[in-house]
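Residue-level structure breakdown
As a plain string of letters, each chain reads:
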Amino acid sequence: MTPTPAGKPTASATASNGPASDGPAPAPDAPGSGGSLPYSSPLPTPRPHLGHALASEWTKLTSVRSTLWTLGSLVGLVVGVGMLAVIQTASRDYESLPYPAPALFGLMVGQLSVMVLGVLTISSEHGTGLIRTTFTAAPDRLRVLTAKYLVFGTVAFVTTACSVGFVGLWAAILHSGPAAGPHGPGEWAGALAGCLYVTLLGLLSLAVGALVRHSAGAIAVMLGVVTMPPVLGAILTAWPATNGLGLLVLRYNAPVGLFQLFGIPEGSIDGATMPSALAQVALLVFVTAGAVTASYAVVRRRDV
């Protein structure tokens, strides 16, 4: 028999006392412990909603250079050209013109910047492949597309309205007085409607970008939508068989709609009465709504 050192249990004592334990027994509700309570993570797991998509789209829109260049060119054209036009006018010119009218000269070109940004808002993600990451992080594609429309539409409208309003205030400060004639809030409402018209063109561009998925192709389509109707209408009026269609195209197009919304005196085309500004806006709303609906249907079913 070998004596057992003092203070150390014997093998028989260890066997009788059961296996040694290195720590406290697991809690009944811990994973793998066989407890009756299910395991729940202490970390919050909120369900994604539209607010998350809006924050994501806002981050993407404000973190790319294309937004700075397009909106910067819009502000530069509207404010710069508008201020030059105001300086070249006299107070008596505003007897028949509203104060925001000079902003139209820059906005006729600046609207192209809004349309380009609308296309790039979604087509750039298709070009770089980021759209796959976007739809992986947010599988609800309709929510993502809705966030794009809301964020872009808000930014485009606010930027356009601020630029036009600055030019209108500049004209009112320089040429206000009895010689300018009476002015009221109606002309400012028309200018805001013109800003909404340009925003609708941008939303239409975003919808075309979602359908085409190619930046150059979508921009070319929108340039044709804005610039081709006056040219096409003039060509169609050259033949008697298409004269009626040509007059219709000349009366309903984006440049004519903007002129009417900004209060430029209406004329006539071959004696035909020009449509109202409300009719111009209603037509663009109808076309934009159709394109947006088509974009929802296509984005939902199509593989990226």
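What you see is a predicted model; the values in this text were computed from it and never measured. (Residues numbered from 1 in each chain as written. Predicted model: local features only at pLDDT ≥ 70, side-chain atom pairs only at ≥ 80, totals over all residues. Heavy atoms only, no water.)

What follows concerns the nonpolar core. Among the nonpolar cores identified, the biggest contains 55 residues, and V164 and Y197 are the most heavily contacted of them. If you list the elements that add at least two residues to this core, you get α3 (65-88), α4 (103-128), α5 (130-137), α6 (141-175), α7 (185-212), α8 (215-236), α10 (254-261) and α11 (277-301). (Core = buried A, V, L, I, M, F, W, Y, C linked by side-chain atoms within 4.5 Å. Buried < 20%, exposed > 50% of the residue type's maximum accessible area, 1.4 Å probe, protein only. Helix = DSSP H or I, 4+ residues; strand = E, 2+ residues; numbered from the N terminus.)

Within the element layout of this structure, S295 appears in helix α11. On the accessibility criterion, S295 (1% relative accessible area) is buried. Excluding anything up to four places from it in sequence, S295 contacts L145, Y149, A207, A210 and L211. (Contact = heavy atoms within 4.5 Å.)

Averaged over all residues, the pLDDT of the chain is 84; the fraction at 70 or higher stands at 81%. Of all the helices and strands in the chain, helix α1 (residues 11-17) carries the lowest mean pLDDT, 46, while α6 carries the highest, 95. Low pLDDT (under 50) marks residues 6-21, which in the prediction has two contacts with non-local residues, meaning those over four places away or in another chain. (pLDDT = per-residue confidence, 0-100.)

What follows covers the packing of aromatic side chains. Counted under the stated rule, the structure contains two aromatic pairs. Here Y94 and Y99 contribute two aromatic rings whose centre-to-centre distance is 5.5 Å and whose plane-to-plane angle is 40°, an arrangement assigned as tilted. Assigned by exposure class, Y94 and Y99 land together as buried. Relative to Y296, the ring of Y149 lies with its centre 5.9 Å away and its plane at 45°, an arrangement referred to as tilted. Highlighted residues: Y149 in helix α6 and Y296 in helix α11, separated in sequence by 147 residues. Judged by relative accessible area, which is 9%, Y149 ranks as buried. (Phe/Tyr/Trp six-rings, centres within 6.5 Å; stacked < 30°, edge-to-face > 60°.)

It is the contact of α7 with α8, at a shortest axis distance of 9 Å, that shows an interaxial angle of 140°. The orientation of α7 with respect to α8, classified from their angle, is oblique. Seen along the crossing, α7 lies across α8 with a hand that is right-handed. On α8, the residues touching L201, L204, S205, V208, G209 and V212 of α7 are G217, A218, V221, M222 and V226. By residue class, the composition of the contact of α7 with α8 is eight nonpolar, three polar and no charged. (Axes fitted to C-alpha atoms, helices over the stretch in contact; angles between N-to-C directions. Parallel < 35°, antiparallel > 145°, perpendicular 65-115°, else oblique. Left-handed = near helix turned anticlockwise from the far one by under 90°. Nonpolar A, V, L, I, M, F, W, Y, C, P; charged D, E, K, R; others polar.)

Relative to the helices and strands, E125 is located in helix α4. In contact with E125, other than residues within four places in its own chain, are E57, K60, L130, I131, T134 and K148.

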